[in-house]
Amino acid sequence: MIEDRYSRVRRYMMKPVNVSLRTMRGGAISAFSSQLDDAHPAAAVLEDDGYWSSQKSNSMVPEYITIDYGDIVPVDRVEIDASPAGRVTFPHDFRLELSVDGAVWRVVRSERKYEMEDGPAYRLDLPLALARFIRLYITRPRKTGTKYFSEIAGSVLFKSITK
């Protein structure tokens, strides 16, 4: 019997959830809008010590990066680390989107005029959701000097452990 994506979703929803968390690393970059150079590639958000920088532009250009985790997983927290430059280059306006198929997206959070606190990461706790893909869509990059661009380091998707 061939299992469609909705039966997989129903199967995950039927399982009890243990509230302990573990970090889910990995995945692959399935799409991105731009990258500054080979030293700051989009794939660096999946590494412990790298960071992604979008192309520097004279005008505000929307940017995005999409991570494919390879299978549908339960998600209840998303963290996005700032680059070594900190809040100076963290996106100004952005939204986080989840998808189970990469075609239909659900916005789980939108931020406007976001100013990062002193901490090193943006953290979003959300009701338990199912996703295979997570997309950071930057509607307004940060202006630094005369250029618009954004930088983010490790993007961490947390999920609840199911039994």
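The text that follows walks through the structure, step by step, so that each part is easy to find.

### Remarks on the pattern of salt bridges
Tallied over the entire structure, the rule returns seven salt bridges. Linking Arg-142 and Glu-115 is a salt bridge whose minimum nitrogen-to-oxygen distance equals 3.1 Å. One end of the pair, Arg-142, is in strand S8 (residues 142-144); the other, Glu-115, is in the loop between strand S6 (106-111) and strand S7 (121-140), with 27 residues separating them in the sequence. Through salt bridges that share partners, Arg-77, Arg-123 and Asp-125 make up one connected network.

### Re the environment of Asp-93
Mapped onto the fold, Asp-93 is located in strand S5 (residues 93-99). Not counting chain neighbours up to four residues away, the residues in contact with Asp-93 comprise Glu-111, Arg-112, Lys-113, Tyr-114, Tyr-137, Ile-138, Thr-139 and Arg-140.

### Overview of the pairing of S5
The buried count for S5 comes to six of seven residues, which makes it a mostly enclosed element. Inspection of the sheet shows S5 paired to S7 by seven bridges, in the antiparallel sense. Considered in S7, the bridge of Ser-99 is made with Phe-133. Where S5 folds back on S6, the antiparallel hairpin that results is connected by six residues, among which Gly-102 adopts a positive phi of roughly 80°.

### Observations concerning the side chain of Asp-68
Along the chain, the position of Asp-68 falls in strand S4 (residues 63-82). On the basis of relative accessible area, Asp-68 is assigned to the buried category, the value being 15%. Setting aside residues up to four positions removed in sequence, Asp-68 forms contacts with Gly-27, Ala-28, Ser-30, Arg-132 and Phe-133.

Cut-off values and rules
- Residues numbered from 1 in each chain as written.
- Predicted model: local features only at pLDDT ≥ 70, side-chain atom pairs only at ≥ 80, totals over all residues.
- Heavy atoms only, no water.
- Salt bridge = Lys/Arg side-chain N within 4 Å of Asp/Glu carboxyl O.
- Helix = DSSP H or I, 4+ residues; strand = E, 2+ residues; numbered from the N terminus.
- Contact = heavy atoms within 4.5 Å.
- Buried < 20%, exposed > 50% of the residue type's maximum accessible area, 1.4 Å probe, protein only.
- Pairing = 2+ DSSP bridges.

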